[in-house]
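Observations on the three-dimensional arrangement
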Amino acid sequence: MNGVHYTKNDIIHILKSDDPAETNELFIRARKMREQVCGDRIFAYGFVYFSTYCRNDCNFCFFRNSNDIERYRKSKNEALALSKALIDSGVNAIDLTTGEDPLYHNEDFKTFCEIISEIKHTYNVPVMASPGVVDHATINALRDAGADWYALYQETHNRDLFKKLRKGQSYDERMETKLYAKEQGMLIEEGILAGVGESAEDIADSLLTMGKIGARQVRIMSFVPQKGSPMENIQTPDREEELKVIALMRCLYPEALIPASLDVDGIDGLKERIQAGANLITSIIPPESGLMGVANSTMDVDNGGRTIHEAAQILNDMGLRIATKEEYIHYMNEVLRK
Ligand code: SF4
């Protein structure tokens, strides 16, 4: 299905508009497009953030190397048990995420690949791998282990802003790694942050870049200040930009997976993101698991608020439902891979 041909100027105009009728029309259009592609189905990923060690120092991140925090690294069996619990609860895929953990780099991602392989081949569940920037051999190993997706977010496509956000890291290496994964047959996810000093023009550039690089999952998350980080005192933005960008992404790329992340506002933020055109719930975390989210690392986790059960009830009230794993696999192979 073809998307709306918004120009860069159209996108900037929509982002800057403060006309509620115009914004409402955008959301209605986005929902209609989602319905044409997905019907009443909303997809759902389980989130297994199994190591919070990281060699990097991103200025927006709680888990940056120089932040003096308690960290964890789950064993292979723990990661598998957590994945299994999420699969049994009804998620469609598992997002295996780590910081750029030096331990995994030193062992050529052997443990990471073993976890992927087991989830993929024992449970027959699609896997997204989110280990940060890795070399080509590791991309090949992740793919060979069975990973369907490689997620790696620039967070912005303005190189100056990138330097401020991802301190000491290479924009080009990050982008090239993602493009290599795509060339090797993996689906890729691209993502940006809202409220970190970007302009409407930057957002428009990002949205158009997402299409150019062929990202089939595209996400925006509002910045949430993290204790102990250099951006600790920057306010979280209101959610209008995030919601408009979700709707714009849906209109531009009708078939894309567009997350309504529970990581920003917990389960309370689900409905408005779905109303804006999202078709994928991410950051579902098993309660009492000791796992963390990324932006709001503990919000709603232990009280069971980030479960598929809670999400399904909210969707039900909106006339929507969680897709089955088989529906997700069919969508991934027959729509996203085509
Ligand atoms: S955003 Fe990712 S790469 Fe950057 S410090 Fe945090 S965990 Fe590490």
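Residues numbered from 1 in each chain as written. Predicted model: local features only at pLDDT ≥ 70, side-chain atom pairs only at ≥ 80, totals over all residues. Heavy atoms only, no water.

Under an unreviewed UniProt entry, the name given to the protein is Methylornithine synthase PylB, and the source organism is Hornefia porci.

Topic: the site of the ligand
The immediate surroundings of the ligand are formed by Tyr49, Cys54, Asn56, Cys58, Phe60, Cys61, Arg64, Gly99 and Arg166. Looking at side-chain class alone, the shell around the ligand contains 5 nonpolar, 2 polar and 2 charged residues. (Near = heavy atom within 4 Å. Nonpolar A, V, L, I, M, F, W, Y, C, P; charged D, E, K, R; others polar.)

Some points on the pattern of salt bridges
Per the stated rule, a full pass over the model turns up 25 salt bridges. Here Arg219 makes a salt bridge to Glu155, at a shortest N to O gap of 3.2 Å. Residue Arg219 is found in strand β6 (residues 217–222), and its partner Glu155 is found in the loop between β4 (149–151) and α7 (159–165); the two are separated by 64 residues along the sequence. Each member of the pair, Arg219 together with Glu155, is buried. A salt bridge links Arg159 to Asp172; its shortest N-O distance comes to 2.7 Å. Of this pair, Arg159 sits in helix α7 while Asp172 sits in helix α8 (residues 171–183), and the two are 13 residues apart along the sequence. Look at Arg159 and you get partly exposed, because its relative accessible area is 43%. Classification of Asp172 by relative accessible area gives partly exposed; the value is 44%. When salt bridges that share partners are traced, they join Arg239, Glu242, Asp265, Glu272 and Arg273 into one network. (Salt bridge = Lys/Arg side-chain N within 4 Å of Asp/Glu carboxyl O. Helix = DSSP H or I, 4+ residues; strand = E, 2+ residues; numbered from the N terminus. Buried < 20%, exposed > 50% of the residue type's maximum accessible area, 1.4 Å probe, protein only.)

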